[in-house]
Amino acid sequence: MNSYVKDALLEWKEEMLQQKREIDEEYEKIKCDLQLYSYKSGITKQVIQSTINDEIINNIKTAYQIPFVEKYEELKQYIKELEEKRKVYQMFVEKIEKVSETEENEA
């Protein structure tokens, strides 16, 4: 493999790795947010179960439980999208490495 191609592939691989690192950072942040909303939803549910006043229960559901559950579901969907993006960029890196190794072994 000539040095131009090798360098270009290496540069492309670095770009893909940078993209993957950024996605990994976002993934970890969303993972923490997901855990937070899981706790918020669980705590809210426990409080509702321990409350007998219907008006308070409805207020809690409206102010906290429904928004927490909606946010949790939104984050769950987003983390799935991030997982898919991580896989895609990892495939790029692996394919670039494979081509580079194959070319080096044939040389």
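Here's a quick rundown of the structure. Here the structure is a predicted model, which is why all the values come from computation and not from measurement.

**Here we look at the overall build of the protein chain**
The secondary structure content of the protein chain amounts to 2 helices and 0 strands. For the protein chain, the C-alpha radius of gyration of 23 Å lies well beyond 13 Å, the compact-globule estimate for 107 residues. For the protein chain, the spread of C-alpha atoms along the principal axes amounts to about 80 × 15 × 15 Å. For the protein chain, the distance from the average site of its 17 positive side-chain charges to the average site of its 24 negative ones is 6 Å.

**Topic: the packing of helix α1 (residues 3–49) against helix α2 (residues 54–106)**
Contact pair α1 / α2: the axes reach a minimum separation of 7 Å and the direction vectors enclose 160°. The pairing of α1 with α2 is recorded here as roughly antiparallel in orientation. Classified by chirality, the crossing of α2 by α1 is left-handed.

**Considerations on the environment of Glu 83**
Assignment of secondary structure puts Glu 83 in helix α2. Look at Glu 83 and you get partly exposed, because its relative accessible area is 32%.

**Concerning the packing of aromatic side chains**
Going through the model one piece at a time under the given rule, you end up with 4 aromatic pairs. Between Tyr 37 and Phe 68 the ring centres are 5.9 Å apart and the planes differ by 70°, which places this aromatic pair in the edge-to-face class. Remark: Phe 68 occurs in helix α2 and Tyr 37 occurs in helix α1; sequence separation between them is 31 residues. For the pair Tyr 37 and Phe 68, a shared accessibility class is recorded, and that class is buried. Measuring from centroid to centroid gives 6.0 Å for Tyr 64 and Phe 68, while their planes differ by 45°, and the two rings are tilted. Residue Tyr 64 and its partner Phe 68 are both found in helix α2; the two are separated by 4 residues, about one turn of the helix. Taken together, the ring pairs connect Trp 12, Tyr 89 and Phe 92 into an aromatic cluster. The positively charged end of Lys 40 is found above the aromatic ring belonging to Tyr 37, 4.8 Å away from the centroid. A cation over an aromatic ring shows up here: Arg 86 above the ring of Tyr 27, its NZ or CZ 4.0 Å from the ring centre.

**Structural notes on the side chain of Ser 41**
Note that Ser 41 resides in helix α1. The class for Ser 41 is buried, based on a relative accessible area of 15%. Contacts of Ser 41, omitting those with residues within four sequence positions, involve Phe 68 and Val 69.

Conventions and cut-offs
- Residues numbered from 1 in each chain as written.
- Predicted model: local features only at pLDDT ≥ 70, side-chain atom pairs only at ≥ 80, totals over all residues.
- Heavy atoms only, no water.
- Helix = DSSP H or I, 4+ residues; strand = E, 2+ residues; numbered from the N terminus.
- Rg over C-alpha atoms; globule rule 2.2 N^0.38 Å.
- Lys, Arg positive; Asp, Glu negative; His and termini not counted.
- Charge placed at Lys NZ, Arg CZ, Asp CG, Glu CD.
- Axes fitted to C-alpha atoms, helices over the stretch in contact; angles between N-to-C directions.
- Parallel < 35°, antiparallel > 145°, perpendicular 65-115°, else oblique.
- Left-handed = near helix turned anticlockwise from the far one by under 90°.
- Buried < 20%, exposed > 50% of the residue type's maximum accessible area, 1.4 Å probe, protein only.
- Phe/Tyr/Trp six-rings, centres within 6.5 Å; stacked < 30°, edge-to-face > 60°.
- Lys NZ or Arg CZ within 6 Å of the ring centre and 35° of its normal.
- Contact = heavy atoms within 4.5 Å.

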